[in-house]
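Residue-level listing of the chains:
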Amino acid sequence: MKLTKLLTYLMAEPVQNDFHDPDITSIEMDSREVRKGSLFVCIKGYTVDGHDFAQKAAENGAAAIVAEKELDVDIPVIIVRRSQRALSVLSDAFYGQPTKKLQLIGITGTNGKTSTTHMVDEIFKKAGRQTGLIGTMYIKIGDETFPVKNTTPESVTLQKTFKKMNDEHVDTAIMEVSSHALSLGRVHGCDYDIAVFTNLTQDHLDYHKTMEDYRQAKSLLFSQLGGSFNHEKPKRAVLNADDKASAYFERVTAAHILTYGIENDADVMAKQIEISAQGTSFELVTPKGTKQITVSLVGRFNVYNVLAAAATAIAAGLPFDTITSALEELQGVRGRFELVNHNQPFPVVVDYAHTPDSLENVLNTCKDMTEGKLFVVVGCGGDRDKTKRPKMAEIAVRIADEPIFTSDNPRSEDPLAILRDMERGVEGTYYHSIANREQAIFFAIANAKKGDVVLIAGKGHETYQQIGNETFDFDDAEVAGRAIVELNKK
Ligand SMILES: Nc1ncnc2c1ncn2[C@@H]1O[C@H](COP(=O)(O)OP(=O)(O)OP(=O)(O)O)[C@@H](O)[C@H]1O
Ligand SMILES: [Mg+2]
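Residues numbered from 1 in each chain as written. Chains lettered and ligands numbered in written order. Predicted model: local features only at pLDDT ≥ 70, side-chain atom pairs only at ≥ 80, totals over all residues. Heavy atoms only, no water.

## A short note on the environment of Leu455
- Structurally, the position occupied by Leu455 is in strand 22 (residues 453-457).
- Between the alpha carbons of Leu455 and Gln84 there is a distance of 41 Å; along the sequence they are 371 residues apart.
- The residues contacting Leu455, other than those within four sequence positions of it, are Val349, Asp351, Val362, Leu363, Cys366, Phe375, Val376 and Val377. (Helix = DSSP H or I, 4+ residues; strand = E, 2+ residues; numbered from the N terminus. Contact = heavy atoms within 4.5 Å.)

Structural data, given as structure tokens:
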């Protein structure tokens, strides 16, 4: 695409240096990715400022640069007010506005995004849709998966992915939308059709500072659904009737609303819920029909995820029978209440719960299946919200019988300092502290008996542990497996 053509989308004129209208071959924000003909966009990040790499980009063959200030380079420079915003606009235009050709479903909330996107994916596939998925675990197009760095990628990667979905004839894209991505404008240009809200509880307060700020960031998904009532391509918001933030989202959007819930009256509801270690049964009540269903997922929070997924499918007009049969066939997602089984006499659960709220939920679910003692191995990540450390420790001590504090991903922090922050919430109570995560898992499993339950919380599907600047192989389920084999030998 010619540079002048791209600039019409940006509504930007000012150009430094001679202009010969080059053909743009790619859009890049990392100077190392720049090839001949790339348009390099200088983004000010947390750690580095892209403006410092303009010269490098020029040397690597960039055809032009988009920046927030004049630069000392001899290729064309387009100066914009906000290069982050320009990046979203340019990426969307360069890849041919790919989300316009997709039914785009965005799911936001503190917990349950990954779980819900996978359920929605299963239902839509069952209905014959070609789906694409973007989230914490991977990007998935058809059956092929690609690794990701963030839950919601940077706008260029995002639009490039949507373009790939267009090329592979995907008709429905389902994505997790993080509050970071919303507040940074990474999803500007994404033409959502259905926006889904799971819940809002404390997390990411290191970034957002207050709950109001956090809620406001989440609300952008709903306010950006647009202000028009387009009958051809109607927009819908799917909201959790049992979460008080929903009222706020309802106020900021012009879209049609569909609600789901367990306690408050809602369009889609679960009634007479019965939970066991094998699965969950309830009556699914919807505007399209009512049916008694059994899903293999455990826990009340998963009922919410199922309801959110069912409501999304109803909002998209899928047949009720397809929805219920897809739900009954659902398999769990890696690291989300994943049972590790090597014929040991007690259940071992690996779960990604890493917020106070999700930890409390998953502990309560485990407690319901425990006849003897409940063991929990839990830590808190370094370089992230410190206020949740004492809270998570307090929850662990209150609900579990054998709380074992350990390291999560300490990152640049001292693991022992993180443990001290956790211990501050539970002074004078009974708990164990074992900084080495492998030893902590072995300790729990070696001491558990028939009737007990062992929960290993916080890292879920992750296959690494970040300590200092290094990343080590670490997989909770694999480590637990070894500990069980060790136990079985005795
Ligand atoms: N609806 C829910 N309400 C509360 N807790 C939940 C809910 N769904 C899942 N959880 C808990 O949160 C953990 C993470 O779930 P999931 O990965 O689906 O959330 P997420 O929103 O994608 O998280 P992240 O922001 O880290 O990507 C689960 O392992 C479970 O313990
Ligand atoms: Mg996720």
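## Quick word on the pairing of strand 19 (residues 374-378)
- The buried fraction of strand 19 is high, at five of five residues.
- The two faces of strand 19 match: Leu374, Val376 and Val378 on one face and Phe375 and Val377 on the other face are all buried.
- Bridging between strand 19 and strand 22 involves four bridges; their strand directions are parallel. Looking across to strand 22, one finds that Leu374 is bridged to Val453.
- With four bridges joining them, strand 19 and strand 20 (residues 402-405) adopt parallel strand pairing. (Buried < 20%, exposed > 50% of the residue type's maximum accessible area, 1.4 Å probe, protein only. Pairing = 2+ DSSP bridges.)

## What to know about the site of ligand 1
- Lining the immediate environment of ligand 1, one finds 21 residues, of which Lys113, Thr114, Ser115, Arg336 and Asp351 sit closest.
- Gly112 is positioned such that a nitrogen or oxygen atom in its backbone is 2.9 Å from an oxygen atom of ligand 1.
- With respect to ligand 1, the side chain of Thr136 contributes an N or O atom lying 2.8 Å from an oxygen atom.
- When contributions to the shell around ligand 1 are tallied by element, the ones reaching two or more residues are helix 4 (113-126), helix 10 (300-315) and helix 12 (356-368).
- If you tally residues by element for the shell around ligand 1, the top one is helix 12, at four residues.
- Classifying every residue of the shell around ligand 1 gives four nonpolar, 12 polar and five charged. (Near = heavy atom within 4 Å. Polar contact = N/O pair within 3.5 Å; in protein donor to acceptor, adjacent residues only side chain to side chain. Nonpolar A, V, L, I, M, F, W, Y, C, P; charged D, E, K, R; others polar.)

## Focus: the coordination of the magnesium ion (ligand 2)
- At this site the magnesium ion (ligand 2) is bound by Thr114 (OG1), Thr136 (OG1) and Glu176 (OE), with donor distances of 2.1 to 2.2 Å.
- Mapped onto the sequence, the residues coordinating the magnesium ion (ligand 2) show the spacing T-x21-T-x39-E. Placement of Thr114 in helix 4 and of Glu176 in strand 10 (residues 172-176) is noted, with a sequence separation of 62 residues between them. The same class applies to Thr114 and to Glu176, which are both buried. (Donors = N, O, S within 2.8 Å, 3.2 Å for Na, K, Ca; no water.)

## Some details on the nonpolar core
- Counting residues in hydrophobic clusters, the biggest one holds 42 residues, and the most contacted among them are Ile123, Leu284 and Leu327.
- With 11 residues, the top contributor of residues to this core is helix 10.
- Apart from residues no more than four positions distant in its own chain, Leu327 is found in contact with Ile123, Leu284, Ile293, Val295, Val306 and Ala310.
- The next biggest cluster of nonpolar side chains, apart from the first, holds 31 residues, and it includes Leu104, Ala181, Leu200 and Ala255. (Core = buried A, V, L, I, M, F, W, Y, C linked by side-chain atoms within 4.5 Å.)

## Side note on the sheet that holds strand 11 (residues 194-197)
- Read from one edge to the other, the open sheet built from 11 strands follows the order 9-8-7-10-6-11-12-13-14-15-16, with strand pairing classed as mixed. Of all strands in the sheet, those with a lone pairing partner are strand 9 (144-146) and strand 16 (289-295), marking the two edges. Taking each pair of neighbouring strands and ignoring which way they run, the sheet shows an average axis angle of 15°.
- The pairing of strand 15 (residues 280-286) with strand 16 spans seven bridges and is antiparallel. Across the sheet, Thr280 pairs through a bridge with Val295, a residue of strand 16. (Axes fitted to C-alpha atoms, helices over the stretch in contact; angles between N-to-C directions.)

## Some thoughts on unusual backbone geometry
- In this structure, Gln97 is a non-glycine residue whose phi angle is positive, near 45°.
- Relative to the helices and strands, Gln97 resides in the loop between helix 3 (83-94) and strand 6 (103-108).
- One non-glycine residue, Arg411, lies in the positive phi region at around 50°.
- Of note, Arg411 is situated in the loop between strand 20 and helix 14 (415-423).
- When its relative accessible area of 17% is taken as the criterion, Arg411 is described as buried.

## Section: the sheet that holds strand 17 (residues 338-340)
- As summarised here, the arrangement of the six strands in space is 17-18-22-19-20-21, forming an open sheet in which the pairing is mixed. Among the strands making up the open sheet, the edge pair consists of strand 17 and strand 21 (432-433).

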